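# Survey of secondary and tertiary structure
Spelled out from the first residue to the last, the chains are:
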Amino acid sequence: MNRILFNEVVTRDGFQNEPDFIPTDAKVALIDELSRCGYAKVEVTSFTSPKAIPMLRDAEEVMGRIRRVPGVEYTVLVPNVRGAERAMESHADELNLVMSTSETHNLANLRMPREKSFEGLKAVIDLVAGKAPVNVSLSTCFGCPMEGEVPQEEVLRWAARFADLGVRGLTICDTTGMAHPAQVARMCEALQRRFGHLQLTLHFHNTRGMGLANVLAAVQQGITRLDGSLGGLGGCPYAPGATGNICSEDALHMLQAMGYETGVDLDRLLAVARRLPEIVGHEVPGQVAKAGPISDLHPAPASVAELRRAFA
C-alpha cells in the first residue's frame, strides 16, 4: 500500500467560518501541536484582506510565531498578488491559490468570472516563479449547489490550464459536499492519467455524510494526498445546509485501521482533537475523539463473569 500524506486545514479552512475570533495565542499553540503529529502539510492561515476574513487578520503574526518542524510544509491561502507578497515575506513554504470550476460559484464566492480569477492567479504564479511552490485548489469539482453537477471535462480543462503554468500541485475540492464515491473514482482515474506528474490532493466535505466513503474511493484509485480538518470544522457559505470538511482524525483512524501508513501519530492527534471544543467554544462533528479508536477495549460488565460461571 502507498503511504497517505495528510494535510491539516483546520486553522484556515476550519477557523474562517467560526463566528467568534480565536485568539492568536490559541492558533499558534494548536499549530505547534499539530506540527508534532506527523502531517505532511499544515495550512496555517490565509493572506486575504482582514476585512474579508477578520478571523485571519493575524496571519503575519501567526506565521512568525509558529515553531516549524522539519519535514512539515507550512502552506497558506493566497487570493492575489498582494496576498502573495505578504505570504512570501512571512516565508510560507507553499502558496495555495483558489478558484471555482463553476462560474456561478466563482461569482458568488470570489465576486468575479472564472477568466478574471485565472488572470489574477496567473499573475501570482508569475510573481513567485522559482521562489516558492504553488498549489491550485479548484472548488466545486464535483457539483455546484446553483448549477448542479460540474462536468468532469470542465474540471480537467481548468486543471490543464494551471498545469501548463507550471504549478506543483492541484487540489480537487468537493467544496459543497456533493460528491459520491463512483464519481470520485472516475475523477481520480482521469486526474492521474493526465496529471500524474503533479501533486494531486483530494479535498472532501461531509455535507451529505459521504465524506469518508469518498476518501476511501480516492485512495483505492491510488490517490496519496488528502486534506482534512481537525474535528470536522469548516464549510462553504454558498452551500445551503453545509457542514464541515471531513474530520481529519476520523479519516486517519479509518485509513490506519485498514492498514494504510499515514505517518500520523493518531493517539497524539486525538489528544489535540479533544481540546478543540474548548478552543472554538462548541462541540465539533468528529466521532473518534468521542468514542475512541476501535483498538480501545473496555472491561466487561460484572454480570458477564457471573454468566460465564453459570454456563461453565
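By the naming in an unreviewed UniProt entry, the protein chain goes by Hydroxymethylglutaryl-CoA lyase and is assigned to Ramlibacter henchirensis. Turning to the protein chain, the UniProt annotation filed under Sequence similarities (unreviewed entry) states: "Belongs to the HMG-CoA lyase family."

Moving on: the sheet that holds strand β7 (residues 199-203). Here we have eight strands rolled up into a closed barrel, ordered β1-β2-β3-β4-β5-β6-β7-β8, and parallel in their pairing. Strand-to-strand twist across the sheet, computed as the mean angle between neighbouring axes with direction ignored, equals 25 degrees. With two bridges joining them, strand β1 (residues 5-8) and strand β2 (residues 41-46) adopt parallel strand pairing. Residue pairing in the sheet places Asn-7 in a bridge with Lys-41 of β2. Relative to the sheet, helix α7 (residues 152-163) contacts β4 (94-100), β5 (134-139) and β6 (169-173), its axis offset from that of β5 by approximately 165 degrees. Sheet contacts for helix α8 (residues 181-195): β6 and β7; angle to β7, the most-contacted strand, approximately 160 degrees.

A separate point is helix α6 (residues 114-128). With 15 residues, α6 extends 21 Å between its outermost C-alpha atoms, agreeing within 8% with the 21 Å of an ideal straight helix rising 1.5 Å per residue. Those residues of α6 that are buried are in contact with α4 (81-89), β4, α5 (103-110), β5 and α7.

What follows deals with the packing of aromatic side chains. Taken as a whole and assessed by the stated rule, the structure comprises four aromatic pairs. Seen in terms of ring centroids, Phe-6 and Tyr-39 are 6.4 Å apart; in terms of plane orientation they differ by 45 degrees. Their pairing is tilted. Note that Phe-6 is positioned in strand β1 and Tyr-39 in the loop between α2 (24-35) and β2, a separation of 33 residues in sequence. Of the two residues examined, Phe-6 and Tyr-39, each falls in the buried class. Three or more aromatic residues link up through ring pairs in this structure, and these residues are Phe-118, Trp-158 and Phe-162. Its end group placed over the ring of Phe-21, Arg-57 keeps NZ or CZ at 3.9 Å from the ring centre.

Right, let's get into the side chain of Ser-137. Relative to the assigned elements, Ser-137 resides in strand β5. Take Ser-137: its relative accessible area is 6%, and that puts it in the buried class. Polar contacts involving the side chain of Ser-137 include one to the side chain of Asn-96, which spans 2.9 Å. Setting aside chain neighbours within four positions, we find Ser-137 in contact with Asn-96, Leu-97, Val-98, Met-99, Thr-171 and Cys-173.

Turning our eyes to something else, we now look at the nonpolar core. As a rule of thumb, soluble globular proteins bury nonpolar side chains together. One finds Phe-162, Phe-195 and Leu-226 to be the most contacted residues of the largest nonpolar core, which totals 90 residues. With seven residues, the top contributor of residues to this core is α7. The residues contacting Phe-162, other than those within four sequence positions of it, are Met-99, Phe-118, Leu-121, Ile-125, Val-136, Leu-138, Val-167 and Leu-170.

What follows is about the packing of helix α10 (residues 248-257) against helix α11 (residues 266-273). Angle between the axes and distance between the axes are the two parameters that describe a pair of packed helices. Two numbers describe how α10 lies on α11: the axes approach to 10 Å, and their chain directions differ by 160 degrees. Here α10 lies roughly antiparallel to α11, going by the angle between them. Every pair of crossing elements has a handedness; the one defined by α10 and α11 is left-handed. Two secondary-structure elements touch here, α10 through Glu-249, Leu-252, His-253 and Gln-256 and α11 through Leu-266, Leu-269, Leu-270 and Ala-273. Residue composition of the contact of α10 with α11, grouped by class: five nonpolar, two polar and one charged.

Another aspect to go through is the packing of α4 against α6. The N-to-C vectors of α4 and α6 enclose an angle of 30 degrees; their axes lie 9 Å apart at closest approach. By the angle between their directions, the pair α4 and α6 is classed as roughly parallel. Of the two elements, α4 crosses α6, and the hand of that crossing is right-handed. Along the contact surface, α4 presents Val-81, Ala-84, Glu-85 and Met-88, while α6 presents Ala-123, Val-124, Leu-127 and Val-128. In the contact of α4 with α6, the residues fall into seven nonpolar, no polar and one charged.

Here we take up α8. Since the α-helix turns once every 3.6 residues, residues separated by three or four places project in the same direction. An ideal rise of 1.5 Å per residue puts 21 Å on 15 residues; α8 measures up with 20 Å between its terminal C-alpha atoms. The elements touched by buried residues of α8 are α7, β6, β7 and α9 (211-220).

A separate point is the pattern of salt bridges. This structure, assessed with the given rule, holds 19 salt bridges. Taking the shortest distance from any N to any O, the salt bridge between Arg-65 and Glu-61 comes out at 3.2 Å. On the criterion of helical spacing, the pair formed by Arg-65 and Glu-61 is a turn pair, its members being four residues apart in helix α3 (residues 59-65). The partner of Glu-94 in a salt bridge is Arg-168, and the shortest N-O contact between them spans 2.7 Å.

Rules used throughout
Residues numbered from 1 in each chain as written. Predicted model: local features only at pLDDT ≥ 70, side-chain atom pairs only at ≥ 80, totals over all residues. Heavy atoms only, no water. UniProt positions renumbered as here; feature names shortened; annotations may be inferred. Pairing = 2+ DSSP bridges. Helix = DSSP H or I, 4+ residues; strand = E, 2+ residues; numbered from the N terminus. Axes fitted to C-alpha atoms, helices over the stretch in contact; angles between N-to-C directions. Contact = heavy atoms within 4.5 Å. Expected span 1.5 Å × (residues − 1). Phe/Tyr/Trp six-rings, centres within 6.5 Å; stacked < 30°, edge-to-face > 60°. Buried < 20%, exposed > 50% of the residue type's maximum accessible area, 1.4 Å probe, protein only. Lys NZ or Arg CZ within 6 Å of the ring centre and 35° of its normal. Polar contact = N/O pair within 3.5 Å; in protein donor to acceptor, adjacent residues only side chain to side chain. Core = buried A, V, L, I, M, F, W, Y, C linked by side-chain atoms within 4.5 Å. Parallel < 35°, antiparallel > 145°, perpendicular 65-115°, else oblique. Left-handed = near helix turned anticlockwise from the far one by under 90°. Nonpolar A, V, L, I, M, F, W, Y, C, P; charged D, E, K, R; others polar. Salt bridge = Lys/Arg side-chain N within 4 Å of Asp/Glu carboxyl O.

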